Amino acid sequence: MKEEVKLMKGNEVVAEAAIRCGCDAYFGYPITPQSEVLETLMQLRPWETTGMVVLQAESEVAAINMVYGGAACGKKVMTSSSSPGISLMCEGLSYLAGAELPCVVVNVSRGGPGLGTIQPSQADYFQAVKGGGHGDYHLIVLAPNSVQEMYDFVSLGFELAFRYLNPVMILSDGVIGQMMEKVVLSEAVPRWTDEQIVAQSGSWAVYGKPETRTRNIVTSLELEADRQEKVNLKLIEKYRRVAANEVRYETFQCEDADYVLVAYGSSARICSKVVEMAREEGHKVGLLRPITLYPFPSGAIRELADRVKGFLSVEMNAGQMVEDVRLATEHRAPVAHYGRMGGVVHSPSEVYEALKREFINQ
Amino acid sequence: MAAEVEMKPENLVYAKPRLITDKTMHYCPGCSHGVVHKLIAEVIDEMGLEHDTIGISPVGCAVLAYDYIDVDWVESAHGRATALATAIKRLRPDKMVFTYQGDGDLAAIGTGETIHAGNRGENITVIFINNAIYGMTGGQMAPTTLLGMKTATTPYGRDPRLNGYPYKIGEVMSLLDGVCYVTRQSVHTPAAVRKAKKAIRKAFENSMAGRGLSLVEIVATCNSGWKLSPVEANRWMEEHMMEFYPLGDLKDTEKK
């Protein structure tokens, strides 16, 4: 498959990205607003071209455990779901993190709690970056703000997942999943051969114990307390490396800004319009867009905190990322939150009004 | 006093299977797990599958099965073994993939995964140890616990009005089109051990031939959980367990 430029939905490009980045398997369960991922894969029938396995599981619980099994083989495997389905997957995510298995999980999030709504929301920030499952672990969390990033982050996700042997979550939302945009689909790369898998993951993956090594055991179990603590310490050390090397963010007109909006995903798209509106009226407003939500760009916010008059964390939720923004500022600048909930997407003018109310007109 | 006899290799009539590791097993004396592990190790070796087998261990007493049988292993979350096996077999169709699960893992928390793996006809083998109790957590009621049977959570005996009925998942699985072989065996006598071994071999052969899912149920003892000596547990199993869970093939699509 050659490079192509197409007009596609965010969910559809996840399927394209999986096939073109040499993904070995996708396991999923239908849930709105992301069912197009599985539907597109079934339409494209990659098992006839790249040999990729695509399977509709009987539940999200089964899907994430299929991911666990596939990842244990050293294969590039992924799933996608939306908020209530991700809740069901959290047990599996904890096991994946505990067993240090690489995979990519896409959350096209919707409003909650409970069955909530099928409309877009960013209310799963805490679940994505603070855990969700049990035990001390972190996912690496990428937040796309365009259809192109939905596409690009699948292969980036696998790259990070295998670099750190850790599950990666692409935290998207119903806006990005459902909207259509121009997207550049990269030239396809082949799936890894068995030899490549042995070369890069042979020390831990299961593929039938060859004569050249002792058996591999993929497990997250350690019954001895002092040995489990060593596992925890090893994970913490890994998360420190992730935080040191993988923080990604983008700034927009922050150089001279008095006020900085902090927003990710679709909310960041809205906030870039707010920056324009405010600048037209002579207010120096900038935008910081975290691309990785874990690791969080705390350093960049800390630097800005010494020279700005305030941060407004703009999220489609009741105020979740705002806690990390506030922690990052070390109380050197005031931080406020604005966001609509329940599937309501805030308009640029609503955000601008909130910015005036919280800071500019104070 | 008898004279000391030197044990010569040609006089050996029994040996530890080559694929059973030297790790001391944590199973209680009298437990059936050790025998079933031995049979699996022997069959893998005899079929020449040492380098082509991937086992999936459950949550339950057999969680550490990976310490004892010398093949590649993945340890599953509670009840999810057949979901893992589904992915592993589909991604490595040339390998022999089996799960090893107890009654709580397979027939309570993992019922959904078990039935759907069977219904999809996944080419895997499920070894199912049915001892009618949760062993590892200290002897609580399992879905397979017999009526009237006392456990830590049915201290006055299993009462169907309170706890429902024991459940024959082997029979349930045998109804599914994707399941090719369901058999119920035991390992409490030498004859039973030989039959169980044949059943395990047949299941592994089915998996390699792509015939669908095979389930080998082993009606087993848990003398610690049942609070009986190993000998009494065997007797109790014959008298009570086998009445409700009769041994024999429940389904065999190869037998026309």
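Only a predicted model underlies this, so the values are computations on that prediction, with no experimental measurement involved.

Student: Is there a simple way to explain the overall build of chain A in this structure?
Tutor: Along its length, chain A carries 13 helices and 15 strands. In terms of overall dimensions, chain A is globule-like: its C-alpha atoms have a radius of gyration of 21 Å, near the 21 Å expected for 362 residues. With the principal axes as the frame, chain A shows a C-alpha extent of 70 × 50 × 35 Å. At a minimum sequence separation of 6, the contacts of chain A that also span at least 24 residues come to 79%.

Student: Is there a simple way to explain the interface of chain B and chain A in this structure?
Tutor: When the parts come together, some accessible area is lost, and that loss is often what is quoted as the size of the interface. Taken residue by residue, the interface counts 28 residues in chain B and 31 residues in chain A. When contributions to the side of chain B that touches chain A are tallied by element, the ones reaching two or more residues are strand E1 (53–57), strand E2 (72–75), helix H2 (81–91) and helix H4 (111–119) of chain B. Here the residues of the side of chain B that touches chain A are counted per class, giving 13 nonpolar, 5 polar and 10 charged. Across 2 bridges, strand E9 (residues 217–218) of chain A lies against E2(B) in parallel orientation. Residue A:Val218 lies in a different strand from E2(B), and its bridge partner there is B:Val74.

Student: Honestly, the sheet that holds strand E10 (residues 249–252) of chain A in this entry has me stumped. Any pointers?
Tutor: Picture the strands of a sheet paired through backbone hydrogen bonds; they go either parallel or antiparallel. All names here are of chain A. Spatially, the 5 strands line up as an open sheet ordered E10-E12-E11-E14-E15, and their pairing is mixed. Of all the strands in the sheet, just E10 and strand E15 (335–338) have a single pairing partner and so form its edges. Strand-to-strand twist of the sheet, defined as the mean angle between neighbouring strand axes without regard to direction, takes the value 20°. Relative to strand E12 (residues 285–290), E10 is paired through 4 bridges, and the arrangement is antiparallel. Within E12, the position partnered with threonine 251 by the bridge is leucine 288. This element, helix H11 (residues 298–305), spans E10, strand E11 (259–262) and E12 of the sheet and lies at about 160° to E12.

Student: Looking at this structure, I do not really get the sheet that holds strand E8 (residues 213–219) of chain B. What am I missing?
Tutor: The strand order across the open sheet built from 8 strands is E9(A)-E2(B)-E1(B)-E3(B)-E4(B)-E8(B)-E7(B)-E9(B), with neighbouring strands paired in mixed fashion. In this open sheet, the two edge strands, each paired with only one partner strand, are E9 of chain A together with strand E9 (248–252) of chain B.

Student: Could you clarify how one ought to interpret helix H9 (residues 230–244) of chain B in this entry?
Tutor: All names here are of chain B. Relative to the 21 Å expected for 15 residues at 1.5 Å per residue, H9 spans 20 Å between its end C-alpha atoms, a close match to the ideal helical length. Maximum bend of H9: about 40°, positioned at methionine 237. Those residues of H9 that fall on the buried side of the exposure criterion are Ala233, Met237 and Met241. Residues of H9 that are buried make contact with E8 and helix H8 (223–226).

Student: I'm lost on helix H1 (residues 10–20) of chain A in this one. Help?
Tutor: At 3.6 residues per turn, the α-helix brings residues three or four places apart onto the same side. Where burial is concerned, most of H1(A) is hidden: 11 out of the 11 residues are buried. The complete set of buried residues in H1(A) reads A:Gly10, A:Asn11, A:Glu12, A:Val13, A:Val14, A:Ala15, A:Glu16, A:Ala17, A:Ala18, A:Ile19 and A:Arg20.

Student: Please clarify how the pairing of strand E4 (residues 77–81) of chain A should be interpreted in this entry.
Tutor: For a regular strand, the rule is simple: side chains alternate between the two faces of the sheet. All names here are of chain A. In terms of burial, E4 is a largely internal element, 5 of the 5 residues being buried. Both faces of E4 are covered, namely the face carrying Val77, Thr79 and Ser81 and the face carrying Met78 and Ser80. Relative to E4, strand E2 (residues 25–28) runs parallel, the two being bridged by 2 bridges. Its bridge partner lying in E4, alanine 25 is registered against valine 77. Examined bridge by bridge, E4 and strand E5 (residues 103–109) share 4 bridges and lie parallel to one another. In the strand pairing of E5, serine 80 is matched with valine 106.

Student: Please clarify how the packing of helix H1 (residues 33–46) of chain B against helix H7 (residues 190–209) of chain B should be interpreted in this entry.
Tutor: For any two helices packed against each other, the geometry is given by the interaxial angle and the distance between the axes. All names here are of chain B. Contact geometry of H1 with H7 gives a least axis separation of 10 Å together with a crossing angle of 50°. Considering the angle they form, H1 stands oblique to H7. The two elements H1 and H7 meet at a crossing, and its hand is right-handed. For the pair H1 and H7, contact is made by Val35, Leu39, Ile40, Glu42 and Val43 and by Val193, Ala196, Lys197, Ile200, Arg201 and Phe204, respectively. Partitioning the contact of H1 with H7 into residue classes produces 8 nonpolar, no polar and 3 charged.

Quick notes on the rules
Residues numbered from 1 in each chain as written. Chains lettered and ligands numbered in written order. Predicted model: local features only at pLDDT ≥ 70, side-chain atom pairs only at ≥ 80, totals over all residues. Helix = DSSP H or I, 4+ residues; strand = E, 2+ residues; numbered from the N terminus. Rg over C-alpha atoms; globule rule 2.2 N^0.38 Å. Contact = placed C-beta atoms within 7 Å. Nonpolar A, V, L, I, M, F, W, Y, C, P; charged D, E, K, R; others polar. Pairing = 2+ DSSP bridges. Axes fitted to C-alpha atoms, helices over the stretch in contact; angles between N-to-C directions. Expected span 1.5 Å × (residues − 1). Bend = angle between axes of the 7 residues up to and from the residue. Buried ≥ 20, exposed ≤ 12 C-beta atoms within 10 Å, placed from the backbone. Parallel < 35°, antiparallel > 145°, perpendicular 65-115°, else oblique. Left-handed = near helix turned anticlockwise from the far one by under 90°.

Purely geometric numbers; function is a separate question.
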